[in-house]
Amino acid sequence: MSVSTYFDTMDYGPAPESDKDARAWLASHEASFGHFIAGRFTQPGGQLEDLDPASGKRLAHLTQGSAADVDAAVNAAQAALAGWQALGGHGRARHLYALARAVQRHARLLAVLETMDNGKPLRESRDVDVPLVARHFYHYAGWAQLQESEFPDHVPVGVVGQIVPWNFPLLMLAWKIAPALALGNTVVLKPAEDTSLTALLFAELAQQAGLPAGVLNIVTGDGSTGAAIVAHPGIQKIAFTGSTEVGRLIRAQTAGSGKSLTLELGGKSPFIVFDDADIDAAIEGVVDAIWFNQGQVCCAGSRLLVQEGIHDLFIARLKKRMEKLKVGAPLDKCSDMGALVSPVQLERVRRLVEQGVREGAQCHQVALDTPPGGCFYPPTLLTGVHPAATVATEEIFGPVLVAMSFRTPDEAVQLANNSRYGLAASIWSETIGLALGVAPQLKAGVVWINSTNQFDAAVGFGGVRESGYGREGGREGCYEYLKPRHRLNRAQRNTASDTPAGAHKDSPLQGGLVDRTAKLYIGGKQVRPDGEVSMACYAASGERLEDVGLGNRKDIRNAVAAAVKAGGWSSATAHRRAQGLYYIAENLSARADEFARRIALTTGVSAEAARAEVDAAIKRLFSYGAWADKYDGAVHQPPLRGVALAMPEAIGVVGVVCPEEQPLLSFISLVAPLVAMGNRVVVVPGQQAALVATDLYQVLDTSDLPGGVINIVTGKSAELLTVLAEHDEVDALWVRGPAEFSATAERLSVGNLKRCFVDHGELTDWHDAAQGEGGEYLRQATHVKNIWIPYGE
C-alpha cells in the first residue's frame, strides 16, 4: 500500500510490545509466589491462579493468605515501626526517593507486567500509571522531609492495613504506601487476588533499594485475607479502595475499635456537556472518561448529560468516534482498549447492559475483531435512558456509557446529583463562569472542567456520600496517616454519674414554679416534643431543678428536616457566618453571669470555674468567627497546563452528641466549627446538664442565626444517637461520650457511610486549645473538593 492510501484510510497495523522481560521475571520465581513479609518472600503456597485477562492463560500461582500469614506480617510491621520512625523525616525521604528511582529504572518491566496482569492497554500502563507511581513517591519524599516542620503537632498512626483493587494495581499501591511510609508508618498491604504481580515485583524492587525489612509487607489472597487484615487488633488504620458494599462491611467491622478509616469506594460520575462546549474536545473527553481502562475506573464518566440543543448532534458524532476505537491485544501499542479483568466482570457488564435494554434503553456497540479466549467487551453507548433506570444508578464498571439530556443548568445539577455516589464529575463549557458556577453545586469530591481523569500526587482525590470519605494525595492525604499528638495519652472518660444512684430528691421544682419545662429548639423555634413527655433535670446536689422535653425519633426527624431546609447557610458568605458567631458570643457575654450560675448549680463546680467555662466558650466562639473567613483552600499547580483549586466545603447536616462534662464549653466547641464552615447541626446535649443547652435558645433567637442552622433535641443521649446514626439525611456524626457511643455511631452509620468524628470514650480537656479547638475540628467540619481548571490552547 502507498503512503497516500494510509492517509486516506488511516489504517494502522499491529505494534506489539515484547513481554520477554516480564516472562523472564516470572520464570525467575518459577511463576509461583509466596508473601513478602519482613523483607523476604515466604515459601509459595500456590492455592490461587493469576490469569492473563486477554487470553485466559495462567501467569502465575499465588499464595492464599491465612490469618497466621496476616499475623506474621503485622508482627513484622510492628517490629520495624520504631526503627522506621527513628530515621526521621529526612531518612525516610531518602528511602522514598530511592523507591521513585527504582520505579523509573524498571518502568518498562512494570508497565508490561501490569498490562499482562490487568488487561489494560500498554499505552495506559506506560504513559499514565507508571509515571504517576514514580510521581507519588517523589511527592511524598518531600512531605517526609518537611514532616517535622509542617506537622509538628501530629504523630504517625502506627501499623496500617491497606487493601487495593484490581483496576489500577500498581498505582493504587503507590497512592497508599507512599504517604503511609513517608509519615512514619509501616504497612501490611493486600493486592487484589486477580492482579497481585506488580505489587510483588514492587516489593522485590523495594528490597533491592534497601527499604528496611518489615516496613512494607505484602500478603496475597482473596477477600478472607482482607477481612483478616481489617480484624487484626495490631493494625491502627485501614485504607481501602473498592466497592461500596465492602466498604460498608469494613465500617461495621471496625466500629468501636479505634481504627481510623480511609474509604475510596464506588462512583457513577456525571459528564456534563453544555451547548457552548467545544464538541470535538468534549467527545475526546468522553472517550477518556469511560473507555479509559475499559471503563474499570471508579471515577469513570459513565453518565453523559448533554444539553438538549446539541444532544442529537453530539450523540451522532460520538457514535462515529466510537467506530474508530480499536479493541485488541493489550500489549499492542495501537490498542485503545484491552480486556476486562476477569470472566466474572465480563459477565456482570453483559448482564447490566441487557437489563438496561429491557428497561427501554437503545444500545449502540462497536463490532469487535479480538483475539480469542479473552475478556473483551465492545465500547457501548446506551441512549434513551431514564434517570431512575438501573444502568443510570448502578456502577457498571465497564465500557458502558449511558446518555441523557437536560435543558437548563439547574436541571443538569439535579440530574448529576441524582446518585447515591459522589466521587467525581466533569463539566464541559466554553463559558468559564458557567462551569465554575456549576462546580460547587455538584456532590462530588473532584470536579474536572473541560478535562477528565486528571490525577496528581499533589492534588487530593476522594469522594462524598457513598463514594466514601478521606482523601488520597496532597497535604490532606498526609493527615490520613497522622493523628494529633494529644491523642497519645488521653484518659478514658468516667461514665458514672456524679450523683450517686438514688440521690435525686423528689422535691418540688425550685422556686415553687407550677410548671417550667424547656422545649426543644427546631427550625429556629421552641417546640414541644412529639411525645409530649418530659424528663427531670437535677442540680449536682440532687435537687430537682426543671424539666426538659424528652425528644424521640420523630423529633430528630423534624430537626433533620429543618436542617436540610436551611441549606442556604452552606452557600452563605464566610463573612456572614463569622458575623453570626460573633453575634452569638456577644449575646452570651451579656448573660455570662446567668450561665455561670446555671453551670455551677447543675455540675457542682465552683463559681469561679463556672465563670471560666463561660468565658472560654465566648472566646471559642470568637476563634471560630475568626476562622470562618480564613480557613481557605489552596491552588495546586500540577504538572499540566492548569491549576487545581482545593476548596473546603461544608459536609452538610451533622449530628452532634455532646458529653456531660463542661456542658457549655463542650457544646460550643463542637457546634461552632461546624457552623463556621457552613454546616447545619442537630445537637443532642449532655443528658445531665441539658438545661445549660436549653438556656441557649434565647441567645440563638437574638443572634440573627437563620432557623434550622442549629437545632437542639434534649432527651436520652443513647436513644437519640441511634436515630441520628440511622438517618440517611445526616451526613456526618460528631460524638463525645462513653466508648459505646462511638461504637454505636460507627456501626449504625453504614447506611449512607457517614463520616464519624468520635472520641472512643477518651476524656477531652475542653479548656486546652490543643484538644478542644483548631485545625482538627475545621478539617473534620469540611471536605475538600478539588476543581481542575486547564488553561491555554
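Here is a short report on the structure shown in this document. Since we're looking at a predicted model, the values are computed, not measured.

**Quick look at the overall build of the chain**
Okay, so step 1: Scanning the chain from N- to C-terminus turns up 29 helices and 32 strands.
Okay, so step 2: On C-alpha atoms alone, the chain measures out to a radius of gyration of 28 Å, which is about the 28 Å that the 2.2 N^0.38 rule sets for 793 residues.
Okay, so step 3: Residues classed as buried in the chain amount to 59% of the 793 residues present.
Okay, so step 4: Considering only intrachain contacts with a sequence separation of at least 6, the fraction spanning at least 24 residues in the chain is 76%.
Okay, so step 5: With an accessible surface of roughly 29600 Å², the chain has 52% of that area assigned to carbon and sulfur atoms.
Okay, so step 6: In the chain, which carries 72 positive and 87 negative side-chain charges, the distance between the mean positions of the two groups comes to 1 Å.

**A word on unusual backbone geometry**
Okay, so step 1: Even without glycine at this site, Ala 38 takes up a positive phi of about 55°.
Okay, so step 2: Summarising the element assignment, Ala 38 is placed in the loop between strand E1 (36-37) and strand E2 (40-41).
Okay, so step 3: The backbone of Phe 397 sits at a positive phi, close to 60°, despite the residue not being glycine.
Okay, so step 4: Turning to its location among the elements, Phe 397 is positioned in the loop between helix H14 (390-393) and strand E15 (400-406).

**Re the pattern of salt bridges**
Okay, so step 1: Scanning the model with the defined rule gives 35 salt bridges in all.
Okay, so step 2: Put simply, Glu 49 and Arg 58 hold a salt bridge, and the shortest N to O gap is 4.0 Å.
Okay, so step 3: Bridged by salt links that share partners, the residues Glu 245, Arg 248, Glu 394, Arg 420 and Glu 466 form one connected network.

**A few points about helix H2 (residues 20-28)**
Okay, so step 1: Listing the buried residues of H2 in full gives Ala 22, Trp 25 and Leu 26. End-on view of H2: buried residues confined to an arc of 100°, all on one side of the axis. Among the exposed residues of H2, those pointing more than 90 degrees away from its buried face are Lys 20, Ala 27 and Ser 28.
Okay, so step 2: Looking at the buried residues of H2, the elements they touch are strand E4 (58-62), helix H5 (107-118) and helix H8 (197-208).
Okay, so step 3: Following H2 by one or two positions, Glu 30 has its phi on the positive side, about 55°.

**Examining the packing of helix H3 (residues 67-86) against helix H4 (residues 88-105)**
Okay, so step 1: Packing of H3 against H4 leaves a shortest axis separation of 7 Å and a crossing angle of 105°. If you check the angle between H3 and H4, you find them roughly perpendicular. For the pair H3 and H4, the contacting residues are Trp 84, Gln 85 and Ala 86 in the first and Gly 88, Arg 92, His 95 and Leu 96 in the second.
Okay, so step 2: In terms of residue class, the contact of H3 with H4 is built from three nonpolar, three polar and one charged.

**Let's talk about the sheet that holds strand E20 (residues 517-518)**
Okay, so step 1: Within the open sheet, the three strands sit side by side as E20-E24-E23. Their pairing is mixed. Only two strands of the sheet have a single neighbouring strand rather than two, namely E20 and strand E23 (534-538).
Okay, so step 2: Sheet topology places E20 next to strand E24 (residues 544-549); two bridges connect them, and they run parallel. Bridging from a neighbouring strand, Thr 517 pairs with Asp 547 of E24.

**Things to note about the side chain of His 232**
Okay, so step 1: Inspection of the secondary structure puts His 232 in the loop between helix H9 (223-231) and strand E9 (237-241).
Okay, so step 2: The exposure class of His 232 is buried, given its relative accessible area of 12%.
Okay, so step 3: Ignoring sequence-local partners within four residues, the contact set of His 232 consists of Val 70, Asp 71, Val 74 and Lys 259.

**Things to note about the sheet that holds strand E16 (residues 424-428)**
Two pairing modes exist for strands in a sheet, parallel and antiparallel, and in both the strands are linked by backbone hydrogen bonds.
Okay, so step 1: Read across the sheet, ten strands follow the order E13-E14-E15-E12-E11-E16-E17-E32-E26-E25 without closing on themselves; strand pairing throughout is mixed. Edge positions in the sheet fall to strand E13 (362-365) and strand E25 (634-636), since each has one partner strand and no second. If you compare each strand with its neighbour and ignore which way they point, the axes differ by 20° on average.
Okay, so step 2: Bridging between strand E26 (residues 642-650) and strand E32 (residues 782-790) involves nine bridges; their strand directions are antiparallel. Bridge assignment links Gly 642 to a residue of E32, and that residue is Pro 790.

**Topic: the packing of aromatic side chains**
Okay, so step 1: One pass over the full model with this rule turns up 20 aromatic pairs.
Okay, so step 2: Aromatic ring contacts, followed pair by pair, group Trp 175, Trp 448, Phe 455 and Phe 461 into a single cluster.
Okay, so step 3: For Lys 237, the ring lying beneath its charged end belongs to Tyr 481, and the centroid distance is 5.3 Å.
Okay, so step 4: The ring centre of Phe 757 lies 4.2 Å from the NZ or CZ of Arg 736, which sits over that ring.

**Brief notes about the side chain of Asn 167**
Okay, so step 1: In this structure, Asn 167 sits in the loop between strand E6 (159-163) and helix H7 (169-182).
Okay, so step 2: Relative accessible area serves as the criterion here: at 3%, Asn 167 is assigned to the buried category.
Okay, so step 3: Here Gln 296 takes part through its backbone oxygen, which lies 3.1 Å from a polar atom of the side chain of Asn 167.
Okay, so step 4: Once you skip the residues sitting within four places of it in the chain, Asn 167 turns out to touch Asn 118, Lys 120, Asn 293, Gln 296, Val 297, Cys 298 and Phe 397.

**So, the packing of helix H22 (residues 607-628) against helix H23 (residues 663-676)**
Okay, so step 1: Here H22 crosses H23 at 5°, and the two axes come no closer than 9 Å. On the basis of their axis angle, the class for H22 and H23 is roughly parallel. On the side of H22, the interface is formed by Glu 613, Val 614, Ala 616, Ala 617, Arg 620, Leu 621, Tyr 624 and Ala 628, while H23 contributes Pro 663, Leu 664, Leu 665, Ile 668, Ser 669, Ala 672, Pro 673 and Ala 676.
Okay, so step 2: Its residues assigned to classes, the contact of H22 with H23 shows 13 nonpolar, one polar and two charged.

**Thoughts on helix H13 (residues 343-358)**
Okay, so step 1: In this model, H13 (16 residues) spans 23 Å end to end at C-alpha, consistent with the 22 Å of a helix rising 1.5 Å per residue.
Okay, so step 2: Listed in full, the buried residues belonging to H13 are Gln 345, Leu 346, Val 349, Leu 352, Val 353 and Gly 356. Seen end-on, H13 carries its buried residues on one side only, within an arc spanning 135°. Exposed side of H13, more than 90 degrees from the buried face: Pro 343, Val 344 and Arg 358 are the residues found there.
Okay, so step 3: Where the residues of H13 are buried, they touch E13, strand E14 (380-383), H14 and E15.
Okay, so step 4: Just beyond H13, the residue with positive phi is Gly 360, at close to 115°.

Rules used in this analysis
Chains are numbered independently. Their residues run from 1 in the order of the written sequence. For this predicted model, a pLDDT threshold of at least 70 governs which residues receive local features, and a threshold of 80 or more governs which side-chain atom pairs are given and counted, while totals over whole chains, interfaces and linings are taken from all residues. Based on all heavy atoms of the structure, the side-chain values leave hydrogens and waters out of the count. In DSSP terms, a helix is any run of H or I states spanning at least four residues, a strand is any run of E spanning at least two, and both are numbered starting from the N terminus. Radius of gyration here uses only the C-alpha atoms, and the compact-globule reference equals 2.2 Å multiplied by the residue count raised to the power 0.38. Burial classes: relative accessible area under 20% of the type maximum marks a residue as buried, over 50% as exposed, and values in between as partly exposed (1.4 Å probe, protein chains only). The contact criterion used is simple: two residues touch if any of their non-hydrogen atoms lie within 4.5 Å. Computed by Shrake-Rupley with a 1.4 Å probe, the accessible areas treat only the displayed protein chains as cover when residues are assessed. Only four residue types enter the charge count: Lys and Arg as positive, Asp and Glu as negative, with His and the chain ends excluded. To locate a charge, take atom NZ for lysine, CZ for arginine, CG for aspartate or CD for glutamate. Any Lys or Arg side-chain nitrogen found within 4 Å of a carboxyl oxygen on Asp or Glu counts as a salt bridge. Directions are taken from the helix axis to each C-beta atom, and the arc is the one they span. Comment: axis = line fitted to C-alpha atoms, over the contacting stretch for helices; angle = value between 0 and 180 degrees taken between N-to-C directions. Every angle not falling under 35 degrees, over 145, or within 65 to 115 is termed oblique; those three ranges are roughly parallel, roughly antiparallel and roughly perpendicular. For this scheme, ten residues count as nonpolar: Ala, Val, Leu, Ile, Met, Phe, Trp, Tyr, Cys and Pro. Four count as charged, namely Asp, Glu, Lys and Arg, and the remainder, Gly too, count as polar. In this description, strands pair whenever DSSP reports at least two bridges between them. Aromatic pairing here means that ring centres of Phe, Tyr or Trp (its six-membered ring) are within 6.5 Å. Orientation follows from the plane angle: under 30 degrees is stacked, over 60 is edge-to-face, and everything else is tilted. A ring has a charge above it when a Lys NZ or an Arg CZ is no more than 6 Å from the ring centre and no more than 35 degrees off the ring normal. A 3.5 Å cut-off defines polar contacts: any pair of N or O atoms within that distance qualifies, except that in protein one atom must be a possible hydrogen donor and the other a possible acceptor, and neighbouring residues in sequence count only when both atoms are side-chain atoms. By this rule the span expected of a helix is its residue count minus one, scaled by 1.5 Å.

None of the figures reported here should be taken as evidence of function without further support.
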